[in-house]
Amino acid sequence: MKNSFSPVVRYFLSILFLTFSLLSCKKKDPGLKDVFSDAFLIGTCMNVTQINGTDLKAKPFIAANFNSVTAENAMKWERIHPVPGKYDFAVADSIVKFALANKMFVVGHVLVWHSQTPDWVFQDSLGNPLTRDALISRMKEHIFTVVGHFRGRVKGWDVLNEAVDEDGSLRKSKWLEIIGKDYIQLAFEFANAADPWAELYYNDYNNELPAKREGILPIIKDLKQKGVKIDGVGIQGHWHLDSPKLNVIDESISKYASLGLKVMITEMEVNVLPTPPEVYGADVSQQARYLETLNPYPAGLPDSVSNQLAQRYADLFGVLMKHKDAVTRVTFWGVHDGYSWKNDWPIKGRTNYPLLFDRNYKPKKAFYSVIKTAKN
Ligand code: G3I
């Protein structure tokens, strides 16, 4: 059949058709990691449900959006070394295997921590407190075994977690009580001896706040002066809609970086629920009582709060992008809202919305506001 349209009309019709097709076909969202590939690594933590395949969507989603992985719990002492002489690497090995198969940077979390460390670690076989020398040997054996097991696969270790209190003094942990303050130096030395190629980090929450930060800076300076290897500091980033202030984060990144350290945001999320002031931070041993007024959005986040969250994330990423020379990684503490520990802490059973993806893996407004910061 003869085409009755003139070439000019046909040309305009095809342009019209093309425009219509482009508008009607939904644009695919970019992978979060790809958006920030010129700035820093983008990580997430992984749990058992994700790695064992119970949640079928998790692995492909993680591989598409993140280029660094931290085991949320699987490498903690109570999981990986639950009883004397017995190590359980199964879950951690699966996470590392998955991460390496997807060319991700694997972070080891955590070697020495006051929390999630069984009581037996600090006791002899009769239940008496260990001597300094015995606890040093136990710490060394643990670090050599765990770091040795993952040597060449885990590229950076949270060697020491949360060793400083809010006022900047050393946390009164069993490690400090039994060994004394050189347990810090020893932990870094053992980790370095166990894998000289791994990066070694100090990791904490609220360590962007001046009082705590001013307690940590001299500890790091002292390690560096003694020639002890420490490569970076992890600011966990358990943040809120209105705190901490951006200038505080900005200043702290500069201060840590001025010591020649890499800076990482290692456990980022933004809490949108009311927080009782006595549980501000991330001390898992603290809990507050459930009240309905403290769980205001069980059926969904109102638009007004979604917008606030998007703006807060944009502001935070604005600061991180400003420091992209110092910041080497931003890890989110959870893949999507449903997986966040903030649904159960500091109050069990709340519905929180602290991450960039919703419970159906759908990008939230906050996702789009974050990716915009990469283009500015
Ligand atoms: O897996 C068990 C389950 O079998 C059991 O039935 C249930 C009963 O309570 O507990 C489950 O384990 C819980 C685990 O999370 C997995 O959900 C533990 O009780 C709970 O203590 C554990 O909480 C973790 C917490 O650290 C303590 O290890 C959170 O998932 C984890 O997000 C959180 O992460 C920490 C970082 O490591 C360090 N910085 C602070 C951050 C938040 O607390």
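Bear in mind the structure is a predicted one, so any value in this text is a computation, not a measurement. Counting from 1, residues in each chain are numbered in the order their sequence is written. Where local features are concerned, this predicted model is filtered to residues with pLDDT of at least 70; where side-chain atom pairs are given and counted, the filter is 80 or more; whole-chain, interface and lining totals use all residues. Computation of side-chain values covers all heavy atoms of the structure but excludes hydrogens and water.

J.: Account for the pattern of salt bridges, naming residues and giving values.
T.: Pairs can form between side chains of opposite charge once their charged atoms are near each other. Every case where a carboxyl oxygen of Asp or Glu lies within 4 Å of a side-chain nitrogen of Lys or Arg is listed as a salt bridge. Going through the model one piece at a time under the given rule, you end up with 15 salt bridges. A salt bridge links Asp182 to Arg132; the shortest N-O distance between them is 3.0 Å. Residue Asp182 is located in the loop between α8 (174-179) and α9 (183-194), and its partner Arg132 is located in helix α7 (residues 132-149); the two are separated by 50 residues in the primary sequence. Residue exposure (1.4 Å probe, protein chains only): buried if accessible area is under 20% of the type maximum, exposed if over 50%, otherwise partly exposed. On the basis of relative accessible area, Arg132 is assigned to the partly exposed category, the value being 34%. The residue Asp222 makes a salt bridge to Lys226 at a minimum N-O spacing of 2.9 Å. Residue classification places Asp222 among the partly exposed positions, given a relative accessible area of 32%. Taken together, the salt bridges that share partners define one network made up of Arg213, Glu214, Glu251 and Lys255. By definition, any uninterrupted DSSP run of H or I lasting at least four residues is a helix, any uninterrupted run of E lasting at least two residues is a strand, and each is numbered from the N terminus.

J.: An account of the nonpolar core is requested, with residue identities and associated values reported.
T.: Remark: nonpolar core denotes a set of buried residues (Ala, Val, Leu, Ile, Met, Phe, Trp, Tyr, Cys) joined through side-chain atoms within 4.5 Å. The biggest cluster of nonpolar side chains holds 107 residues, and the ones touching the most others in it are Leu32, Trp157, Tyr313, Phe317 and Phe332. If one sorts the elements of this core by residue count, helix α12 (residues 303-322) sits on top with nine residues. Tyr205, Val279, Ala282 and Trp345 belong to the second-largest nonpolar core, a separate cluster that totals seven residues.

J.: Residues and numbers for empty space enclosed by the protein, please.
T.: Empty space left among the atoms is revealed by rolling a probe the size of a water molecule over them. Put plainly, a pocket is an open set of points on a 1 Å grid over the protein atoms alone with protein on both sides within 12 Å along at least five of seven lines, a cavity is a set where a 1.4 Å probe fits but cannot get out, and a lining residue has an atom within 4 Å of a point. Grid points are joined across faces, edges and corners, and a volume is the space filled by probe spheres set on the points. Per the counting criterion, the structure on display carries four cavities of 30 Å³ or more. Approximately 50 Å³ is the volume found for the largest cavity. Around the largest cavity, the lining residues are Leu160, Val164, Ile184, Phe188, Tyr202, Ile216, Ile219, Ile220, Leu223 and Ile230. At four residues, the largest contribution of residues to the lining of the largest cavity is made by helix α10 (residues 210-225). Here the lining of the largest cavity is composed, by residue class, of 10 nonpolar, no polar and no charged. Residues are sorted three ways: Asp, Glu, Lys and Arg are charged, Ala, Val, Leu, Ile, Met, Phe, Trp, Tyr, Cys and Pro are nonpolar, and all the rest, Gly among them, are polar.

J.: Go over helix α4 (residues 58-65), please, and point to the residues and values.
T.: Within α4, the full set of buried residues consists of Ala58, Phe61, Ile62 and Asn65. When α4 is viewed along its axis, its buried side chains cluster within an angular range of 100 degrees and face the same direction. Contact definition: two residues touch when any of their heavy atoms are within 4.5 Å. Lining the buried residues of α4 we find α2 (32-35), β1 (41-46), α3 (48-51), β2 (68-71) and α6 (90-101). Each direction from the helix axis to a C-beta atom contributes to the arc, which is the arc of those directions.

J.: Give a description of the environment of Asn360 that names residues and reports values.
T.: Here Asn360 lies in the loop between β9 (327-332) and α13 (365-375). Since its relative accessible area comes to 60%, Asn360 is described here as exposed. Residues Asn360 and Ser125 lie 235 residues apart in sequence; the distance between their C-alpha atoms is 48 Å.

J.: Which residues make up the site of the ligand, and what values do they have?
T.: The full set close to the ligand counts 16 residues, and Glu72, Lys76, His109, Glu267 and Trp333 are the nearest of them. Within 3.5 Å is the distance limit for a polar contact, defined as a pair of N or O atoms, with the added protein rule that one can donate a hydrogen and the other accept it, and that residues adjacent in sequence qualify only through two side-chain atoms. Within the side chain of Asn73, a nitrogen or oxygen atom sits 3.1 Å from an oxygen atom of the ligand. Side-chain polar atom of Lys76 to an oxygen atom of the ligand: 2.7 Å apart, as the coordinates give it. Compared with its free state, where it exposes 780 Å², the ligand has 56% of that area covered by protein. The pocket occupied by the ligand, as judged from atoms lying within 2 Å of grid points, is the largest pocket. Each residue belonging to the shell around the ligand can be placed in one class, and the counts come to five nonpolar, six polar and five charged. Nearness is defined per residue: one heavy atom within 4 Å of the molecule or strand is enough. Note that accessible areas follow from Shrake-Rupley with a 1.4 Å probe, and for residues the cover is restricted to the protein chains shown. Think of it this way: if more than half of a molecule's atoms are within 2 Å of a pocket's grid points, that molecule is in the pocket or cavity.

J.: Can you break down the packing of helix α11 (residues 246-257) against α12 residue by residue, with the values?
T.: It is at 10 Å that the axes of α11 and α12 come closest, and there the two elements cross at 20 degrees. Considering their axes alone, α11 and α12 lie roughly parallel with respect to each other. Considering how the two elements wind past one another, α11 and α12 form a crossing that is right-handed. Facing Leu246, Ile249, Asp250 and Ile253 of α11, the residues of α12 in contact are Arg312, Asp315, Leu316, Val319, Leu320 and Lys322. For the contact of α11 with α12, the per-class residue count stands at six nonpolar, no polar and four charged. Lines fitted to C-alpha atoms define the axes, with helix axes restricted to the stretch in contact, and inter-axis angles between N-to-C directions lie between 0 and 180 degrees. Note on terminology: angles under 35 degrees are roughly parallel, angles over 145 are roughly antiparallel, angles of 65 to 115 are roughly perpendicular, and the others are oblique. Crossing handedness: left-handed means the near helix sits turned counterclockwise from the far one by under a right angle, and right-handed means the same turn made clockwise.

Geometric values such as these leave the question of function open.
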